[in-house]
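Take a look at the letters that make up each chain.
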2 protein chains.
Amino acid sequence: MNKEDIKILIVDDENDILEFLSYNLKREGYQVFVCDNGREAIAKAKDIKPQLILLDVMMPELDGIETCRQIRNEKTLSDTLIAFLTARSEDYSQIAGFDAGADDYIHKPIKPRVLISRIAGVLRRFLSSDADANADIGGLVLDREKFIVFKEGNPVSLPKKEFELMALLMSKPGKVFLREEILDKVWGGDVVVGDRTIDVHIRKLREKLGENYIKTIKGVGYKFDL
Amino acid sequence: MNKEDIKILIVDDENDILEFLSYNLKREGYQVFVCDNGREAIAKAKDIKPQLILLDVMMPELDGIETCRQIRNEKTLSDTLIAFLTARSEDYSQIAGFDAGADDYIHKPIKPRVLISRIAGVLRRFLSSDADANADIGGLVLDREKFIVFKEGNPVSLPKKEFELMALLMSKPGKVFLREEILDKVWGGDVVVGDRTIDVHIRKLREKLGENYIKTIKGVGYKFDL
DNA sequence: AAGTCATTTAACGATTTCTTAATACTACGA
DNA sequence: TCGTAGTATTAAGAAATCGTTAAATGACTT
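Residues numbered from 1 in each chain as written. Chains lettered and ligands numbered in written order. Predicted model: local features only at pLDDT ≥ 70, side-chain atom pairs only at ≥ 80, totals over all residues. Heavy atoms only, no water.

Draft legend 1. Structural context of the overall build of chain A. When helices and strands are counted, chain A shows eight helices and twelve strands. A burial count over chain A gives 52% of its 226 residues as buried. In chain A, the proportion of contacts linking residues at least 24 apart, taken out of those at least 6 apart, comes to 55%. Total accessible area on chain A stands at roughly 10500 Å², and carbon and sulfur atoms take up 50% of it. (Helix = DSSP H or I, 4+ residues; strand = E, 2+ residues; numbered from the N terminus. Buried < 20%, exposed > 50% of the residue type's maximum accessible area, 1.4 Å probe, protein only. Contact = heavy atoms within 4.5 Å. Areas by Shrake-Rupley, 256 points an atom, 1.4 Å probe, with all protein chains shown as cover.)

Set out below in structure tokens:
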């Protein structure tokens, strides 16, 4: 199952959140649908049969938990995954939510990278998609959940930026990532850092993991490959 | 679907941007149309039915988002892709763009290489275009993503210019590329290098890949053929 | 407040890649 | 056969790009 085939329905009454999530998920290649209330969500879900529904807990009228219950009652949606969006403070929903049939929680405020990997995680768990399952290439295993890279079984913990850079490179082994692409995805499109910064991080990775995993394509970028 | 068949409409009130984008996209072989305001854009879009519209968000009178909405209301343009051009600073979570039906965002300032690959990405995602599929002719496979040429299964890595030259020749097997054409597409229309430079690169390619792939047509140019 | 760690920058060196220039070669027509 | 036009070859210098180090910054800890 490819990302392109995956439909995600986002339900939230705040327009900012809808757009933010929508943008980031579309950018990853998912098919994204949105709506801003529970009733519409149920109708839309029946119609498009998304694999995953991101559901805000706090909504006027029909709240997330009740919406979730009703979706769970739909036989045609039995395979649909539901993840709740919650503010950090509201942890009461934790209990009520799982009861209603939620598969995961995502806390606001939501950071793009976290969102993406979380969603990949949810989808992987239930669809046995290998979208970005823990890569395992040439003795290197990247565990996105634990934030650790295993080199021939030995855990190597990496700081955030190094980990994210490694994660990006390993997300498509062999593919050459342009420096611009790396900056955009690891640092974020709006952050401006010098080109040498990437080099330094690459160097640290090579130092910790060995020289043979990351290849330089001069004038183009870097790739993870054997 | 070939690049030559793809029409792109660029809408921006700044003339510099129009020219910059237009130049770079034409160079890639797309059919490019421009206009500098929203109203005209809608009319032009109905007329030429472009596959992709690049739309500046910030425009006087009819802004990008409103223009997008109106285009989305046109039944005859239902398959048209819309990508917004935004300044780095305008945080995407604040933009009402996706709601209006945008398919992607491209941040200014725009770098040519990023633009090109981004657009190829957008088009590929939605048109299943084979814009940069891997050529495979007579035992030679050119993998643009991995930046590698496989010769009978064995990877041969090429420096940037050599790779781009090879990619160009392989993009239309059999077609003779004039020296002028090669300079324009590989080096860029504004770069001035001597004619011998091409020869040298051709020689390096023949050295690495074998003598039988690239043929010289005296007084005309080179072609990739068996 | 001192210390640690992650991140970024700056400076310089090292390397690769690109370009040129000079010369050799080849095919073809006079 | 000679001359010409165009391409091939080679080596060497120039330019671009990357690697490396050390040091500055800033957040967080002790």
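Draft legend 2. Geometry of the packing of helix H2 (residues 38-48) of chain A against helix H3 (residues 64-73) of chain A. All names here are of chain A. Contact geometry for H2 and H3: axes closest at 10 Å, N-to-C directions at 25 degrees. Taken together, H2 and H3 sit at an angle that is classed as roughly parallel. For the pair H2 and H3, the sense of crossing is right-handed. Contacts between H2 and H3 involve Gly38, Ala41 and Ile42 from the first element and Thr67, Gln70 and Ile71 from the second. Looking at the contact of H2 with H3 residue by residue, the classes come out as three nonpolar, three polar and no charged. (Axes fitted to C-alpha atoms, helices over the stretch in contact; angles between N-to-C directions. Parallel < 35°, antiparallel > 145°, perpendicular 65-115°, else oblique. Left-handed = near helix turned anticlockwise from the far one by under 90°. Nonpolar A, V, L, I, M, F, W, Y, C, P; charged D, E, K, R; others polar.)

Draft legend 3. The arrangement of the sheet that holds strand S10 (residues 176-178) of chain B in detail. Residues and elements named next belong to chain B. Strand order in this open sheet of three strands is S10-S12-S11, and the pairing throughout is antiparallel. The open sheet is flanked by S10 and strand S11 (214-217), the only strands paired with a single partner. Averaged over neighbouring strand pairs, the angle between their axes works out to 30 degrees when direction is ignored. Where S11 lies against strand S12 (residues 221-224), four bridges are found, and the strand directions are antiparallel. Residue pairing across strands places Ile217 opposite Gly221, the latter belonging to S12. Contacts from helix H8 (residues 195-209) reach S11 and S12, with the element oriented near 145 degrees to S11. (Pairing = 2+ DSSP bridges.)

Draft legend 4. View of the protein's contact with DNA strand D. In the vicinity of DNA strand D, 20 residues are found, and the nearest of them are Arg206(A), Thr216(A), Tyr222(A), Arg203(B) and Tyr222(B). Close to the protein, within 4 Å, the atoms of DNA strand D belong to sugar or phosphate groups at a rate of 65%. The separation between a phosphate oxygen of DNA strand D and a polar side-chain atom of Thr216(B) is 2.8 Å. Gly219(B) is positioned such that a nitrogen or oxygen atom in its backbone is 2.9 Å from a phosphate oxygen of DNA strand D. Looking at the surface near DNA strand D, the elements with two or more residues in it are helix H8 (195-209) of chain A together with H8 of chain B. Looking at side-chain class alone, the surface near DNA strand D contains four nonpolar, four polar and twelve charged residues. (Near = heavy atom within 4 Å. Polar contact = N/O pair within 3.5 Å; in protein donor to acceptor, adjacent residues only side chain to side chain.)

Draft legend 5. Representation of helix H2 (residues 38-48) of chain B in the model. Residues and elements named next belong to chain B. All of the buried residues in H2 are Gly38, Ala41, Ile42, Ala45 and Ile48. In a view along the axis of H2, the buried residues occupy a sector of 150 degrees, so they form one face of it. When the buried face of H2 is taken as reference, the exposed residues oriented beyond 90 degrees from it are Arg39 and Asp47. In this structure, the buried side of H2 is in contact with strand S1 (7-11), strand S2 (31-35), strand S3 (52-56) and helix H3 (64-72). Among the residues trailing H2, Lys49 stands out with phi positive, at a value near 50 degrees. (Arc of directions from axis to C-beta.)

Draft legend 6. Looking closely at the environment of Lys185(A). Residues and elements named next belong to chain A. With respect to the helices and strands, the residue Lys185 is situated in helix H7 (residues 179-187). Exposure remark for Lys185: the relative accessible area of 32% places this residue in the partly exposed category. Considering only alpha carbons, one finds Lys185 and Leu165, 20 residues apart in sequence, at a separation of 8.6 Å.

Draft legend 7. Geometry of the packing of aromatic side chains. All names here are of chain A. Taken as a whole, this structure holds three aromatic pairs over all chains when the rule is applied. Ring centres of Tyr213 and Phe224 lie 6.0 Å apart, and the angle between their planes is 10 degrees; on these two criteria the pair is classed as stacked. Here Tyr213, found in the loop between H8 and strand S11 (214-217), pairs with Phe224, found in strand S12 (residues 221-224); they are eleven residues apart in sequence, far enough to count as distant. Given a relative accessible area of 8%, Tyr213 falls into the buried group. One residue, Lys175, lies across the ring of Phe177, its end atom 5.0 Å from the ring centre. (Phe/Tyr/Trp six-rings, centres within 6.5 Å; stacked < 30°, edge-to-face > 60°. Lys NZ or Arg CZ within 6 Å of the ring centre and 35° of its normal.)

Draft legend 8. A look at unusual backbone geometry. A positive phi angle is found at Phe147(B), which is not glycine, with a value near 60 degrees. By the element assignment, Phe147(B) lies in the loop between strand S7 (140-143) and strand S8 (148-151).

Draft legend 9. Main features of the nonpolar core. Among the nonpolar cores identified, the biggest contains 30 residues, and Leu140(B), Met166(B), Leu169(B), Ile182(B), Leu209(B) and Ile214(B) are the most heavily contacted of them. At the level of elements, strand S10 (176-178) of chain A together with S7, helix H6 (160-171), helix H7 (179-187), H8 and S12 of chain B are the ones that each hand at least two residues to this core. Grouped together as the second largest cluster of nonpolar side chains are 25 residues, Val149(A), Leu183(A), Trp187(A) and Tyr213(A) included. (Core = buried A, V, L, I, M, F, W, Y, C linked by side-chain atoms within 4.5 Å.)

Draft legend 10. View of the protein's contact with DNA strand C. Around DNA strand C, the structure places 24 residues, and the nearest of them are Trp187(A), Gly194(A), Lys161(B), Trp187(B) and Gly194(B). Backbone sugar and phosphate groups make up 75% of those atoms of DNA strand C lying within 4 Å of the protein. Contact distances for DNA strand C include 3.0 Å between a phosphate oxygen and a backbone N or O atom of Lys161(A). Between His201(A) and DNA strand C, the recorded distance is 3.3 Å, taken from a side-chain N or O atom to a phosphate oxygen. If you list the elements that add at least two residues to the surface near DNA strand C, you get helix H6 (160-171) and H8 of chain A together with H6 and H8 of chain B.

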